[in-house]
Each structure stands twice: as structure tokens, then as C-alpha cells.
Amino acid sequence: MSLLLTGGMGYIGSHTVVQLLDLGQDVVILDNLSNASEKVLERIEEITGKQPLFVKGDICNRDDLNRVFTEHQIDAVIHFAGLKAVGESNEIPLSYYHNNVSGSVTLFQAMADHNVKQLVFSSSATVYGEHNLSPLIETMPTSATNPYGKTKLMIENILFDLAKSDSEWSIINLRYFNPIGAHASGLIGENPNGIPNNLLPYVAQVAVGRLELLSVFGDDYDTPDGTGVRDYIHVVDLANGHVKALEKLSALSGCYAINLGTGNGTSVLEIVNTFSSVCGHEIPYQVVPRRAGDIATVFANAEKARSLLGWQAEYDLNTMIEDTWRWQSSNPEGY
Ligand code: NAD
Ligand code: UFG
């Protein structure tokens, strides 16, 4: 099978490339490197002994897309490319709507024109909005509170309409919960630009001495220890979820939303304590007021992925944090 991975140089994409190359699949990556380093390619080759084809290009650029679909026989697409910072999306919403929504429509049009109608899309648990109670299940109503989340919801809805209009399409919207961890080699991992927004890269940079102090956003939530609870999932489990989704696509018609989570919730303080025991020293932190827009508890009902894809998460929290720490401590400044 020959696969196009948009955004394949990024955090989740690069881990998925590794899984696919290990399975002997042909992979073409299209990435504009807006949030990735070219060094990822060397690291992927070091891990797998194989080189994926890389095209530097943009999903918003129809010529770049035509070039890829004309020069390569593509069977299916995994669409990771997009901007993903919630806070930034409030500041520059037009960039988010352009890059994520217009870029996706341009990609889907190019796919249709080249008769490639199998797609896995990177959606997010953010589409469950603020009002559903965890465990979150795919049949719940969706909503979004910030431009980033709205782009994910818009793209999901565009894909549902597309599949309704033409039964040749088979599409899976994977709703990721909180991806963390890194490949066990320590060669690829999450490499945020600037100060991290997400908990794990922040804690990891405090642990390695790049940042001084973690701010814990609120300890007065209605949770066992008062701090926010999330469903953290190992990025390698997530990558395997894409492999399973691809295997299923050819037998499906229509558009399906599927959660990728573990079904377990972990609090901020549990993360901090587990990280301390893995790295062997305290993680300094202070409790500060809640972050606007955060909710107390988010975790998945992971049953649909199990029944439809035959997938479930395998890595436990300790392994996720050991792998995060191996990546961070062997690459303290990132790539
Ligand atoms: P990432 O930023 O590491 O990867 C995204 C990649 O897309 C980057 O390599 C970037 O250079 C590329 N890209 C961005 N815009 C592009 C464009 N217009 N054309 C071509 N390439 C472009 O992010 P990630 O964490 O690997 O996330 C991958 C996908 O999963 C994103 O769509 C994100 O919204 C979604 N997602 C991520 C999380 C998370 O917590 N990491 C959670 C839910 C959903
Ligand atoms: N947190 C802190 N301090 C920090 C960062 C985070 O206490 O410096 C807390 C948050 O308040 C929250 C938890 O750690 O309770 C996790 O926060 P993240 O920012 O790591 O993750 P979120 O669950 O807020 O958001 C993530 C992605 C979104 C995606 C969402 C889907 O960043 O893009 O998961 O559930 F939409």
C-alpha cells in the first residue's frame, strides 16, 4: 500500500511513519516544516533502516498536492497537517481557519480529482466541548469553544457531508485524547516551538532544567486531588491506531468518528509524581489559578476502537513517562 501522510514530519506523524515503514508500507510525507525539523528524516531512517519519501510542500497549495498525486500512486491519505495550539488560535484565528479548514478542503478536492477516496483524519477530543461528562462516547453531541477546536469540528462535518455525497469515500475521524511519550529509541519525540502549552512537554523541560517551575493550573476542581484529569495515551499506541484504521478503510464506506484513548484518567499531580520517580528528582511546581477554557475531567470511552478496529492502548503511564524522559534527556534542546 502506498500512503500519503500530510504533516508526517510532526510529533504524531513521525511515530506513525515509523510504524508504517516497519510494516513494509510505502510512505510519502508532505509537510511544509512549519512545526517540524528536517532532522526527523534522519532519525526515522536510523530507527527503521528505511527512508520515507519527503516532499516539502503545503496542503494549501494545489500545485504541491497535484505534484504528489501525479508523481506517486497513492492509495490512502492520513491527514495530520495543521496548526494545533489552542491559545494561539484565539490570537490568529484566520491562520487557523486558512491552514486547517481551507487547507483540508484543498487536500480533499485534490484527492477526489485523483480518485483517492480513503482517508484517516486527525481529529481531537476537543470536539466533545465543555458539557459532556466523561467517559466521552462518539454518539455524544459535539461543540467547540475556540478556533482550533472549531476547525476540527468543521473538518469532521465536511468529511461527513463528503461521505454522504459519494459512497466511494471511506473516512475515519480519529479523535485523539492526550498523546504523550516518545519512540522507545529516544530518537523521535515531541519538540514544541518556544514555551510548551501542554503539560508533558512542560514537565519534561522542567525535569531537564530548561524551565524552572511548573505552574499547576488549579487544584480546586472536583477531582480526587483537585487537579485536572486527562486521558494520556502513548504516541506509539496512537500510531498503531492509525495502522488499524488504515487496515479497516478498504472494508468501509462512509465516515466514522472513533476515539483513541485509554479510557483511564490521570491527574496533573499524578503526572508530576510519576515523572519525579522516573527522572529521580523532584519537579518543582506551584499551584496557580485555573487556565481559562479548561475543564475538570476528560477521558474516553474506548470501546468503539476496540470493536470496530480491533485496537486498544497497551502502554501504561509509567512507560509513557519513561519514554518521554528518555527522549527529553537525550535531546535536551530538541532536534
Ligand atoms: P505537529 O505540529 O507536531 O505536526 C503537524 C505537522 O503538520 C507539522 O510537521 C507541521 O510542519 C505540518 N503542517 C502544518 N501545517 C501544514 C500545511 N499547511 N501543509 C503541510 N504541512 C503542514 O502536531 P501533532 O501533535 O503531531 O498533531 C498532528 C495532528 O493531530 C494535528 O492535526 C493536530 O491538530 C492533531 N491533534 C494533536 C493533538 C496533540 O495533543 N498533539 C491532540 C489532538 C489532535
Ligand atoms: N496543565 C497544567 N500546567 C501546564 C499545562 C497544563 O496544570 O503548564 C494542566 C491543564 O490544566 C490540564 C492538563 O494539565 O488539566 C492537561 O493540559 P494540556 O494542555 O496538556 O492538554 P489539554 O487536555 O488541555 O488539551 C489537549 C490538546 C488540545 C486537545 C485536547 C483534547 O492540547 O489540542 O487535549 O482533549 F484539543
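Just so you know, these numbers come straight off a predicted model, no measurement behind them.

## Digging into the site of ligand 2
Thinking step 1. Close to ligand 2 lie 18 residues; Asn198, Ser215, Arg230, Arg291 and Asp294 are nearest.
Thinking step 2. Residue Leu199 places a main-chain N or O atom 2.8 Å away from an oxygen atom belonging to ligand 2.
Thinking step 3. Residue Arg291 places a side-chain N or O atom 2.8 Å away from an oxygen atom belonging to ligand 2.
Thinking step 4. Compared with its free state, where it exposes 680 Å², ligand 2 has 88% of that area covered by protein.
Thinking step 5. It is strand S8 (residues 214-217) that provides the largest number of residues to the shell around ligand 2, a total of four residues.

## So, the side chain of Asn99
Thinking step 1. Within the fold, Asn99 resides in helix H5 (residues 93-113).
Thinking step 2. Separated by 3.5 Å, the side chains of Asn99 and Asn100 make a polar contact.
Thinking step 3. Not counting residues within four places of it along the chain, the set of residues in contact with Asn99 comprises Ile59, Cys60, Gly82, Leu83 and Ser104.

## Some remarks on the packing of helix H1 (residues 11-22) against helix H8 (residues 235-249)
Packed helix pairs are specified by the crossing angle of their axes together with the interaxial distance, meaning the distance between the axes.
Thinking step 1. For the pair H1 and H8, the least separation of the axes is 8 Å and the interaxial angle reads 60 degrees. For the element pair H1 / H8, the angle class is oblique. As H1 runs across H8, the sense of the crossing is right-handed. On H8, the residues that touch Tyr11, Ile12, His15, Thr16, Gln19 and Leu20 of H1 are Val235, Val236, Leu238, Ala239, Asn240, His242, Val243 and Leu246.
Thinking step 2. Considered class by class, the residues forming the contact of H1 with H8 number nine nonpolar, five polar and no charged.

## Topic: a negative patch on the surface
Thinking step 1. A cluster of acidic residues, Glu38, Glu42, Glu45 and Glu46, forms a negative patch at the surface.
Thinking step 2. Counting through the fold element by element, Glu42 comes out in helix H2 (residues 39-48).

## A closer look at the side chain of Ser2
Thinking step 1. Here Ser2 is to be found in strand S1 (residues 2-6).
Thinking step 2. Given the relative accessible area of 14%, Ser2 is considered buried.
Thinking step 3. Within the local environment of Ser2, its side chain forms a polar contact with the backbone oxygen of Gln73, the two atoms lying 3.1 Å apart.
Thinking step 4. In contact with Ser2, other than residues within four places in its own chain, are Asp26, Gln73, Ile74, Asp75 and Ala76.

## A few points about the site of ligand 1
Thinking step 1. Asp31, Asn35, Phe80, Lys84 and Tyr148 are the nearest of the 26 residues found near ligand 1.
Thinking step 2. Side-chain polar atom of Asn99 to a nitrogen atom of ligand 1: 2.9 Å apart, as the coordinates give it.
Thinking step 3. Out of a free accessible area of 820 Å², ligand 1 has 95% covered by protein chains.
Thinking step 4. Those elements giving two or more residues to the shell around ligand 1 turn out to be H1, strand S5 (118-124) and helix H6 (147-165).
Thinking step 5. Looking at which element gives the most residues to the shell around ligand 1, the answer is S5, with three residues.
Thinking step 6. By residue class, the composition of the shell around ligand 1 is 11 nonpolar, 11 polar and four charged.

The rules behind each value
- Residues numbered from 1 in each chain as written.
- Chains lettered and ligands numbered in written order.
- Predicted model: local features only at pLDDT ≥ 70, side-chain atom pairs only at ≥ 80, totals over all residues.
- Heavy atoms only, no water.
- Near = heavy atom within 4 Å.
- Polar contact = N/O pair within 3.5 Å; in protein donor to acceptor, adjacent residues only side chain to side chain.
- Areas by Shrake-Rupley, 256 points an atom, 1.4 Å probe, with all protein chains shown as cover.
- Helix = DSSP H or I, 4+ residues; strand = E, 2+ residues; numbered from the N terminus.
- Contact = heavy atoms within 4.5 Å.
- Axes fitted to C-alpha atoms, helices over the stretch in contact; angles between N-to-C directions.
- Parallel < 35°, antiparallel > 145°, perpendicular 65-115°, else oblique.
- Left-handed = near helix turned anticlockwise from the far one by under 90°.
- Nonpolar A, V, L, I, M, F, W, Y, C, P; charged D, E, K, R; others polar.
- Patch = residues over 30% accessible without salt bridge, like charges linked within 9 Å, V, L, I, M, F, W, Y side chains within 5 Å.
- Salt bridge = Lys/Arg side-chain N within 4 Å of Asp/Glu carboxyl O.
- Lys, Arg positive; Asp, Glu negative; His and termini not counted.
- Charge placed at Lys NZ, Arg CZ, Asp CG, Glu CD.
- Buried < 20%, exposed > 50% of the residue type's maximum accessible area, 1.4 Å probe, protein only.

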